[in-house]
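Here's the letter readout for the chains.
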Amino acid sequence: MSLALYTHTDMLDHRPGEWHPERPERLKAVTDALTDASDLDLATYEAPLVEHADLIRVHPASYVAHIQDAAPTGGLLQLDPDTLMSAGSLNASRRAAGAVVAAVRALAAGEAERAFCAVRPPGHHAEPARPMGFCIFSNVAVGARVAQAAGLSRVAVIDFDVHHGNGTQAAFAGQEGLFLASIQQWPMWPGTGHPSEPAPANIVNAVAPPGASPQVWRQAFESMMPKLDAFAPDLIIVSAGFDAHRRDPIGEAGQSLEAEDFAWATRAVLEVARRHSKARVVSSLEGGYDLEALGQSSLAHVRALAEG
């Protein structure tokens, strides 16, 4: 099947520093891997700049104004210890959120069945009023709210980044029609997301220990699927982080996943999507910092997304 790909070269202009792991080469590694795959039928679209009205579905207007006003015209602005803005970061951030917004609107209108958003900066750590962990705007949370406004009233996010989707959780907690299932390494920054933590009924967290085998990780992932199935979403959005790959330098003590494990997880999500959401799935890139592993994992994930 044809799969929609949303991306934009403006996202290469987010340059948080030569030392920073969230570097422009990440996006190129992903798009190169996808365009080199002759077996994929991708319909490629330019990610638009997200509209202010869509950002404030999740972020307070004062936060959006602060980011816009503070955006540098040169040099770097440090928003938190890990999150920096360069001259191109505001447009890149607006394109990243805009990609997910455009994708969900296309699916809601019946113009596509599935989409992958090759974006940066990532978004799942950005809380409604706080940038965090390389993230400025909460891309998938904004997309989820847009999807609801477009008539897809029940939206689930599945996050398999090695780090907890704390920003998505902050945006979703207790909100009607929204559901988050997030699997992460534990212990791991940002120190949230353990299943023992109090959380509203629409939040499900699962963990895998450092160095967990793929089998252990898959069991933890599978434990979330019954609750996703019971939620019966009209749309599933995937926060697709690939930093649980065994080659990734970010994971402390690391996970030991391979590209095929992400494809397996994608197929598990699709099983639920076929039952409840007419197979509608939007995926948005989060983490993944080894370029070779990132390219291979993204390709395996998108190939699985494209399966009939």
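Further up the page is the structure itself.
The paragraphs below set out a description of the structure included in this document. Since the structure is predicted, the reported quantities are computational estimates derived from the model, not experimental observations.

### Overview of helix 5 (residues 139-149)
Phase 1: With nine of 11 residues buried, helix 5 lies mostly within the body of the structure.
Phase 2: Along helix 5, the residues that are buried comprise Asn139, Val140, Ala141, Val142, Gly143, Ala144, Val146, Ala147 and Gln148.

### Topic: unusual backbone geometry
Phase 1: With an omega dihedral of 0°, the bond running from Trp186 to Pro187 counts as a cis peptide bond.
Phase 2: In this fold, Pro187 is placed in the loop between strand 7 (178-185) and strand 8 (203-208).
Phase 3: Cis geometry marks the peptide bond from Trp189 to Pro190; its omega dihedral reads 10°.
Phase 4: Here Pro190 is to be found in the loop between strand 7 and strand 8.

### Focus: the packing of aromatic side chains
Phase 1: A full pass over the atoms with the stated rule returns 11 aromatic pairs.
Phase 2: Judged by centre distance (5.2 Å) and plane angle (25°), the ring pair of Tyr6 and Tyr45 falls under stacked. Of this pair, Tyr6 sits in strand 1 (residues 3-7) while Tyr45 is found in strand 2 (residues 42-46), placing the two residues 39 residues apart along the sequence.
Phase 3: Of the residues examined, Tyr45 reaches a relative accessible area of 40% and is grouped as partly exposed.
Phase 4: Taken together through their ring pairs, the aromatic side chains of Phe160, Trp217, Phe221, Phe242, Phe262 and Trp264 make up a single cluster.

### Brief notes about the packing of helix 1 (residues 24-35) against helix 10 (residues 291-305)
Phase 1: Interaxial distance between helix 1 and helix 10 falls to 8 Å at its minimum, and their mutual angle equals 45°. By the angle between their directions, the pair helix 1 and helix 10 is classed as oblique. Relative to helix 10, helix 1 is oriented so that their crossing is right-handed. Packed against helix 1, whose contacting residues are Glu25, Arg26, Ala29, Val30, Ala33 and Leu34, the element helix 10 presents Leu291, Leu294, Gly295, Ser298, Leu299 and Val302 at the interface.

### Re the packing of helix 9 (residues 259-276) against helix 10
Phase 1: At a minimum axis distance of 8 Å, the contact between helix 9 and helix 10 shows a crossing angle of 25°. One finds that helix 9 runs roughly parallel with respect to helix 10. Every pair of crossing elements has a handedness; the one defined by helix 9 and helix 10 is right-handed. Together, Ala259, Phe262, Ala263, Thr266, Arg267 and Leu270 of helix 9 and Gln296, Ser297, Ala300, His301, Ala304 and Leu305 of helix 10 make up the contact between the two elements.

Conventions used here
- Residues numbered from 1 in each chain as written.
- Predicted model: local features only at pLDDT ≥ 70, side-chain atom pairs only at ≥ 80, totals over all residues.
- Heavy atoms only, no water.
- Buried < 20%, exposed > 50% of the residue type's maximum accessible area, 1.4 Å probe, protein only.
- Helix = DSSP H or I, 4+ residues; strand = E, 2+ residues; numbered from the N terminus.
- Phe/Tyr/Trp six-rings, centres within 6.5 Å; stacked < 30°, edge-to-face > 60°.
- Axes fitted to C-alpha atoms, helices over the stretch in contact; angles between N-to-C directions.
- Parallel < 35°, antiparallel > 145°, perpendicular 65-115°, else oblique.
- Left-handed = near helix turned anticlockwise from the far one by under 90°.
- Contact = heavy atoms within 4.5 Å.

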